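# Residue-level structure breakdown
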Amino acid sequence: MIFKKIQDVFKNSITLTCERWQHIIYRHPELKRHQTKIVATLKIPDTIIEDDLNKKVRLYHKFDKQLNGYLVVIVETEKKFIITSYVSLKIKRGKMIWQNN
């Protein structure tokens, strides 16, 4: 079941399903009240990295002072859905796809 549709920086319609949202808040409860930050990360990311192991996966990063790190939203680009989201202290390694200037 679709929980939310989000348009990313490239105007792609990315789906956040109920199942994936439950996964995110179960595994990363600090994000429970930050759904709008996940949306903002897709719309206006700082960087987008292509995963080294799976070219269909992109990691959208946006630094957030309140979360004290980068909010990372992982998207499967072929089916256009969010896999997960979490906070990281650094930008993940991989091929740089996009960077906000």
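Look up a bit, the structure's there.
The sections below set out a description of the structure shown in this document. (Residues numbered from 1 in each chain as written. Predicted model: local features only at pLDDT ≥ 70, side-chain atom pairs only at ≥ 80, totals over all residues. Heavy atoms only, no water.)

## Here we look at the nonpolar core
In plain terms, the rule: In these notes, a set of buried Ala, Val, Leu, Ile, Met, Phe, Trp, Tyr and Cys residues joined through side-chain atoms within 4.5 Å is what counts as a nonpolar core. When accessible area is computed with a 1.4 Å probe and restricted to protein chains, residues below 20% of their type maximum are described as buried, those above 50% as exposed, and intermediate ones as partly exposed. The helix count covers DSSP runs of H or I at least four residues long, the strand count covers runs of E at least two residues long, and both are numbered beginning at the N terminus. The contact criterion used is simple: two residues touch if any of their non-hydrogen atoms lie within 4.5 Å.
By size, the foremost hydrophobic cluster in this structure holds 17 residues, and its most contacted members are Leu42, Val73, Val75 and Ile82. Elements represented by at least two residues in this core include exactly strand E2 (13-17), helix H1 (18-27), helix H2 (35-43) and strand E5 (69-76). The contacts of Leu42, once residues within four sequence positions are left out, are Ile6, Asp8, Val9, Ile14, Tyr60, Val73, Val75 and Ile82. Of all hydrophobic cores here, the second largest spans 7 residues; its members include Val57, Tyr70, Ile74 and Tyr86.

## Regarding H1
To keep things clear, this is the line we draw: Summarising the geometry, the arc corresponds to the directions from the helix axis toward the C-beta atoms.
Along H1, the residues that are buried comprise Arg20, Trp21, Ile24 and Ile25. The arc enclosing the buried residues of H1, seen along the axis, measures out at 130 degrees, which places them on a common side. Seen from the open side of H1, the exposed residues pointing more than 90 degrees away from its buried face are Tyr26 and Arg27. Turning to H1, the residues buried within the fold contact strand E1 (2-7), E2, H2 and strand E6 (81-88).

## Comments concerning H2
What H2 keeps buried is the set Gln35, Lys37, Ile38, Val39, Thr41 and Leu42. Tucked into the core, H2 has its buried residues touching E1, E2, H1, strand E4 (57-64), E5 and E6.

## Considering the side chain of His34
The topology assignment puts His34 in the loop between H1 and H2. You can call His34 buried: its relative accessible area is 12%. With residues up to four places along the chain from it excluded, the contact list for His34 reads Gln66 and Leu67.

## Quick look at the pairing of E4
Selection criterion: Pairing between strands requires that DSSP locate at least two bridges from one strand to the other.
Across 4 bridges, strand E3 (residues 47-50) lies against E4 in antiparallel orientation. In the sheet register, Thr47 faces E4, and the bridge partner there is His61. In sequence, E3 turns back onto E4 through a hairpin of 6 residues. The turn linking E4 back onto E5 is made up of 4 residues, and Asn68 within it adopts a positive phi angle of 60 degrees.

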